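# Summary of the model geometry
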Protein chains: 4
Amino acid sequence: MRNFRSDLALESSALAGGIQVPGVRVEQLRLGDLTETVVEIVDERGMAALDKPCGRYVTLEANQMHLPEPALLDMTVDRLAETLKGMLPELGSVLVIGLGNRRITADSLGPRAVDGVLVTRHMRENTPVHVKGRLREVSAVAPGVLGVTGIETSEIARGIIEHTKPDAVIAVDALAAKETCRICTTMQITDTGIQPGSGVGNHRLGLSQETLGVPVIAVGVPMVVYAATIARDALELLIDDLEMDEEEHSDALDALVDRVVEKRLGDLVVAPREVDERVTHMAELLSLGINRALQQRLSKDEIPALMH
Amino acid sequence: MRNFRSDLALESSALAGGIQVPGVRVEQLRLGDLTETVVEIVDERGMAALDKPCGRYVTLEANQMHLPEPALLDMTVDRLAETLKGMLPELGSVLVIGLGNRRITADSLGPRAVDGVLVTRHMRENTPVHVKGRLREVSAVAPGVLGVTGIETSEIARGIIEHTKPDAVIAVDALAAKETCRICTTMQITDTGIQPGSGVGNHRLGLSQETLGVPVIAVGVPMVVYAATIARDALELLIDDLEMDEEEHSDALDALVDRVVEKRLGDLVVAPREVDERVTHMAELLSLGINRALQQRLSKDEIPALMH
Amino acid sequence: MRNFRSDLALESSALAGGIQVPGVRVEQLRLGDLTETVVEIVDERGMAALDKPCGRYVTLEANQMHLPEPALLDMTVDRLAETLKGMLPELGSVLVIGLGNRRITADSLGPRAVDGVLVTRHMRENTPVHVKGRLREVSAVAPGVLGVTGIETSEIARGIIEHTKPDAVIAVDALAAKETCRICTTMQITDTGIQPGSGVGNHRLGLSQETLGVPVIAVGVPMVVYAATIARDALELLIDDLEMDEEEHSDALDALVDRVVEKRLGDLVVAPREVDERVTHMAELLSLGINRALQQRLSKDEIPALMH
Amino acid sequence: MRNFRSDLALESSALAGGIQVPGVRVEQLRLGDLTETVVEIVDERGMAALDKPCGRYVTLEANQMHLPEPALLDMTVDRLAETLKGMLPELGSVLVIGLGNRRITADSLGPRAVDGVLVTRHMRENTPVHVKGRLREVSAVAPGVLGVTGIETSEIARGIIEHTKPDAVIAVDALAAKETCRICTTMQITDTGIQPGSGVGNHRLGLSQETLGVPVIAVGVPMVVYAATIARDALELLIDDLEMDEEEHSDALDALVDRVVEKRLGDLVVAPREVDERVTHMAELLSLGINRALQQRLSKDEIPALMH
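Owing to the predicted nature of the structure, the values given are computational and were not obtained by experimental measurement. (Residues numbered from 1 in each chain as written. Chains lettered and ligands numbered in written order. Predicted model: local features only at pLDDT ≥ 70, side-chain atom pairs only at ≥ 80, totals over all residues. Heavy atoms only, no water.)

With that settled, consider the overall build of chain A. Secondary structure assignment for chain A yields 11 helices and 9 strands. The buried share of chain A, taken over its 308 residues, is 59%. For chain A, contacts bridging at least 24 residues in sequence account for 75% of all contacts bridging at least 6. Roughly 12200 Å² of accessible area belongs to chain A as shown, and the carbon and sulfur atoms make up 49% of that amount. (Helix = DSSP H or I, 4+ residues; strand = E, 2+ residues; numbered from the N terminus. Buried < 20%, exposed > 50% of the residue type's maximum accessible area, 1.4 Å probe, protein only. Contact = heavy atoms within 4.5 Å. Areas by Shrake-Rupley, 256 points an atom, 1.4 Å probe, with all protein chains shown as cover.)

The next subject is the packing of helix α3 (residues 70-87) of chain B against helix α10 (residues 275-294) of chain B. Residue and element names in this part refer to chain B. α10 packs onto α3 with a crossing angle of 50 degrees between their chain directions and a minimal axis gap of 8 Å. One finds that α3 runs oblique with respect to α10. Read as a crossing pair, α3 and α10 show a hand that is right-handed. Contacts between α3 and α10 involve Leu73, Asp74, Thr76, Val77, Asp78, Leu80, Ala81, Leu84 and Lys85 on the former and, on the latter, His281, Leu285, Leu286, Leu288, Gly289, Ile290, Arg292 and Ala293. The residue inventory of the contact of α3 with α10, partitioned by class, reads 10 nonpolar, 3 polar and 4 charged. (Axes fitted to C-alpha atoms, helices over the stretch in contact; angles between N-to-C directions. Parallel < 35°, antiparallel > 145°, perpendicular 65-115°, else oblique. Left-handed = near helix turned anticlockwise from the far one by under 90°. Nonpolar A, V, L, I, M, F, W, Y, C, P; charged D, E, K, R; others polar.)

With that out of the way, let us pick up the environment of Arg30 of chain D. All names here are of chain D. Residue placement: Arg30 occurs in strand β1 (residues 24-31). Under the relative-accessibility criterion, Arg30 is labelled exposed at 62%. Between the C-alpha atoms of Arg30 and Asn126, which are 96 residues apart in sequence, the distance is 44 Å. Within the structure, Arg30 has its side chain in polar contact with the backbone oxygen of Gly32 (distance 3.5 Å). (Polar contact = N/O pair within 3.5 Å; in protein donor to acceptor, adjacent residues only side chain to side chain.)

Before going further, it helps to spend a moment on the pattern of salt bridges. Scanning the model with the defined rule gives 60 salt bridges over all chains in all. Across the pair Glu11 of chain C and Arg182 of chain C runs a salt bridge whose closest N-O atoms are separated by 3.0 Å. With a gap of 171 residues between them, Glu11 of chain C in the segment before α1 (13-16) and Arg182 of chain C in the loop between β6 (168-177) and β7 (186-190) connect regions that are remote in the sequence. With a relative accessible area of 9%, Glu11 of chain C lands in the buried category. The salt bridge involving Asp115 of chain C is made with Arg102 of chain C; its shortest N-O contact spans 3.0 Å. Taken together, the positions of Asp115 of chain C in helix α4 (residues 109-115) and Arg102 of chain C in the loop between β4 (94-98) and α4 put the pair 13 residues apart, joining distant regions of the chain. The exposure class assigned to Asp115 of chain C is buried, which follows from its relative accessible area of 19%. Through salt bridges with shared partners, a single network forms among Asp74, Asp78, Arg292 and Lys300 of chain A. (Salt bridge = Lys/Arg side-chain N within 4 Å of Asp/Glu carboxyl O.)

In a regular helix each residue adds 1.5 Å, so 20 residues correspond to 28 Å; helix α10 (residues 275-294) of chain A covers 28 Å between its end C-alpha atoms and thus fits that length. The element α10 of chain A is extensively covered by neighbouring structure, given that 16 of its 20 residues are classed as buried. (Expected span 1.5 Å × (residues − 1).)

Covalently bonding the sulfur atom of one cysteine to the sulfur atom of another cysteine gives a disulfide. Residue and element names in this part refer to chain A. Throughout the structure, instances matching the rule amount to 0 disulfides over all chains. With no disulfide partner, Cys184 has as its closest neighbouring cysteine sulfur the one in Cys181, 12 Å distant. Residue Cys184 is classed as buried on the basis of its relative accessible area of 0%. (Disulfide = S-S within 2.5 Å.)

This brings us to the side chain of His281 of chain B. With respect to the helices and strands, the residue His281 of chain B is situated in helix α10. Once you skip the residues sitting within four places of it in the chain, His281 of chain B turns out to touch Met65, His66, Leu67, Pro68 and Leu73 of chain B.

Let's shift gears to the relation of the copies chain A and chain D. In screw terms, the move from chain A to chain D is a rotation of 180 degrees and a rise of 0.0 Å along the axis, fitting with an RMSD of 0.0 Å. Considering both components of the superposition, the chain copies are consistent with a two-fold axis. Residue Gly159 of chain A of chain A places its C-alpha closer to the rotation axis than any other residue of that unit, at 2.0 Å. With an isologous cut-off of 70% or more, the 100% of interface residues of chain A that recur at the interface of chain D puts this contact in the isologous class. (Least-squares fit on C-alpha atoms with pLDDT ≥ 70 in both.)

Attention shifts here to the side chain of Arg121 of chain A. Summarising the element assignment, Arg121 of chain A is placed in the loop between α4 (109-115) and β5 (138-141). Engagement of the side chain of Arg121 of chain A in a polar contact is seen with the backbone oxygen of Gly150 of chain D, the distance being 3.0 Å. A distance of 3.2 Å separates a polar atom in the side chain of Arg121 of chain A from a polar atom in the side chain of Glu155 of chain D.

Two faces, one strand: in a regular strand the side chains alternate between the faces of the sheet. Residue and element names in this part refer to chain A. Summarising the sheet, strand β1 (residues 24-31) and strand β2 (residues 34-41) pair through 8 bridges and their orientation is antiparallel. Counted as the bridge partner of Arg30 is Thr35 from β2. Hairpin remark: β1 followed by β2, antiparallel, with 2 residues in the connecting loop; positive phi at Gly32, about 60 degrees. (Pairing = 2+ DSSP bridges.)

Our focus in this paragraph is the pairing of strand β8 (residues 216-226) of chain A. Residues and elements named next belong to chain A. Judged by how many residues are buried, β8 sits mostly within the fold: 11 of 11 residues are covered. Of the strand pairs in this sheet, strand β6 (residues 168-177) and β8 are connected by 9 bridges, and their pairing is parallel. Paired with Ala174 across the bridge in β8 is Val221. Sheet analysis places strand β7 (residues 186-190) next to β8, joined by 3 bridges and oriented antiparallel. Pairing of Thr190 across the sheet is with Ala218, part of β8. Where β8 lies against strand β9 (residues 269-271), 2 bridges are found, and the strand directions are antiparallel.

So, about unusual backbone geometry. Residue and element names in this part refer to chain C. One non-glycine residue, Asp51, lies in positive phi territory at about 55 degrees. You can call Asp51 exposed: its relative accessible area is 66%. A positive phi angle, close to 50 degrees, is found at Lys165, a residue other than glycine. By the secondary structure assignment, Lys165 is in the loop between α6 (153-164) and β6. The exposure class assigned to Lys165 is exposed, which follows from its relative accessible area of 59%.

Rendered as structure tokens:
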């Protein structure tokens, strides 16, 4: 069956069965309620099998990630920070880009995460004395989406990068998943940047080292599942249940899905009713992790005190 | 097949085929791009067939209702106002209640509509001179949902009604539909009030003349479709397409839907990605119509000028 | 000079000089960066001198209260909780009322604080097993202001109280202060309830044991200073500076202030530009303190986990 | 007396008396409730007297501008559109920049106005057929403020302009005025761009033809008055009233104002309590006017229909 849209490497059907895929290394770690999976695509066989570029894809998963449970929250922030540290250059300035549309709740994760990032680039001349010499230079923008600005996000990003010359970029984005249970319970961090056509907002062009000229770390959380994916899943279950021969009915199924998708479901997304609250919580998790990764020489208490 | 959840009388499967249902009168009117359907349930046969109480259900439909097209907007507001006038007592004070949770976008239609209602009850002593004697007494509240206040909406409503003694209530609510194409393109006005368990927020108790002691007109717009409904629809299409015998597979199907619903879809809803913008637009339509119905002796320009 | 408007007992001019006022007991405590002052008005002399009803007024002050400094935040929340515990009945259900207008940032403190209160009243039948028997019954409403609902807040409150019969009320409100330095740096807790005409929103009627029939604890934070107060202050400073005889010019001054107030400043308020962010922070402080006071048998981690 | 901060050419003290200022041309027009004033600074004498660069400053004033009165609204939008047309190049693409901080209500005018601008640049390939050939190319960004992004607004603007090469820029900003009565009742349009240090947000660098390389039209509405200005005004009135000799007391006054400003008022601003609602209304006025100026070949109804 055709592969339905997912921005998570972990959801690639090639990995579904738990079978080893040539060109792909998978490692999994359990940390209490948190599961950390590292998928590494090392060559062209892996790229083809997973339909994603070569690089590291770290996934943090916890059923309760969307809830304000202090211990889990702290561990998640900590693993996010450690993963980012491992992917970022050790020194140099960083630009954080929040992708997505602030006015569409499910797509506002990026802009909201950026709101919580400790920005220091403008403090150069007048850094507070007590943190002098301990701040990494950070700037942060939420450039808006093509439909709202009329300008490709990557064009705006390139313009800003040429003027401010950061050493690396962190791009935060709301993702689409295949499984509804992943909404706000999974976080993906990858050193391959943002792929064209990915995200809730369907970025036309991607953001990567090739397009921007500096390393791009992408951080994302699934916020929606396309309704078409739900329909497809229901059909697959039915086929299984009725013990129909999947091969035999494959064409009829594809045609049917096309019809459902095109005529009725279009761009509709499935999201929890509590999406407003969850996007706020997940954005906070991401800002905390990014701040901890970028400002390693500040204590946990110093960061919020500098935010205002 | 089991009837999936819809708050629209028009979506009752009994009416689906266009066949006459005993105890139900249906009339339809085309007004340019707007279709107005009046479903009247006149006796117990109708109640049983449509699973709704006796009364009038007026539905306004337009594919472009969610868009800011001035001509369509004006006609919709006009028909909403006329329909409300026909259901409200001619004189006396009115309390507008906005149901739903302001912090959940898809459920915030009621509170937002209430924000735009011209409230006049507190002006009694100091009404602006130029409108003196022309204002109908209106009050408006958005009492919040059970999960947020700990109190049943109907308890709060009863308390307020006992103290302020309105002659009628208009209750505004976000609805659930069966068809995704109805989201923000349909409006239902009924003199039967709000039924228990209806709405996006699943009101446990209803709001009606029986529970509140005064006539209750309910106005609603579908904002979501339950994801389970989408799955069900996909399966029905498949059955049709494969020319399977529906009866034969009925039990397998029901079991399958239960599994999908319970294990995977839960309370998930399908909504357009632009739900934030659409709820704002639809709430504005509703406030305009309610204000026009309630303040018939004010001109269209006097109403906004009094709002502030 | 006339006394300019303040909702803080601490700002009463009678207390300004630090002189003992008959009928008033004042005690002050320093807790690191936090100052706690208890003003107790014990008889009619005190009432007349401070123009406030008999009762306890506890004020918490810290210059950095508006900043997210974890240690100070924790101490403030702790002292707020302890003060509330001392004023609330030991057992029984509590209704938290958030006063003010959600759509006016400086007046939205009450509704926002209520958003963060752990509501348990509706859990009676299905309390999560692990907290069974440890929850105090709490409900919470933000009834909106007279100008928005057309109904006096106290009428709505009375209606709800008659139906839900709480044993005590906590009313949260945004206050007006005389000194700009108090905005978001001071918190007042009093067992005398809300006085008529107080608050940013100028409640016409008060909320107190007399009007509601149950004990009313009021919690407030100054969010604005009336612009007229600023003008007055500037004039007083000028008089002092020029060594003018205050008595001699008193009438001219009063006339001048009236002119400035009436013609030019009206209802204008002075607020920090960052009021949006500060009201969010202060509302969070208040919810944390209220939750800790009401749910003494839950741990700090159990409360947020139950919020959703 | 020192000139207190105002972004309005009309409030320059040189113009206060209604005396002719060399190097400045002033023309005034009454259009019903709307007053349109054109101040033209033509040479260095005018620049020195008004402390603003050479160019046109058009001011639209109406006491009721902040109210939703349809006739006044339409006239204001019309005059705004006509003034913009007179300043913009006849053809070519336009970039609209919304200055200010979205999270500070009084400073959010620019970003909110940009939200309502019809953006067309991305439609180049797939313009809806019925408007083909009638759309002017427009893009729009709200780049955020230095304190939030760490990057000067003008740096971001330059980066975007280099990549998208617009023929002109419209910059929208919240202004500071001297008179509280101007808040949300006055609109200034100027072909001189944004001056360094102006606006509610105090832009460090300006935006003008010199810094950006293309014509920059600035549109602004006063949203605040600095509290220090109120104090100063009160003092001036007192001086007048007491028939004191202003010259004689000038030093004492200056010292006093400094003390009040520095010690007590700082960055405090005076704003109406209804600032949230007013900024929404004024932003809508601005978007309507900008859209009408830029899309002259679309009807009033076509513009909203294309917005979504």
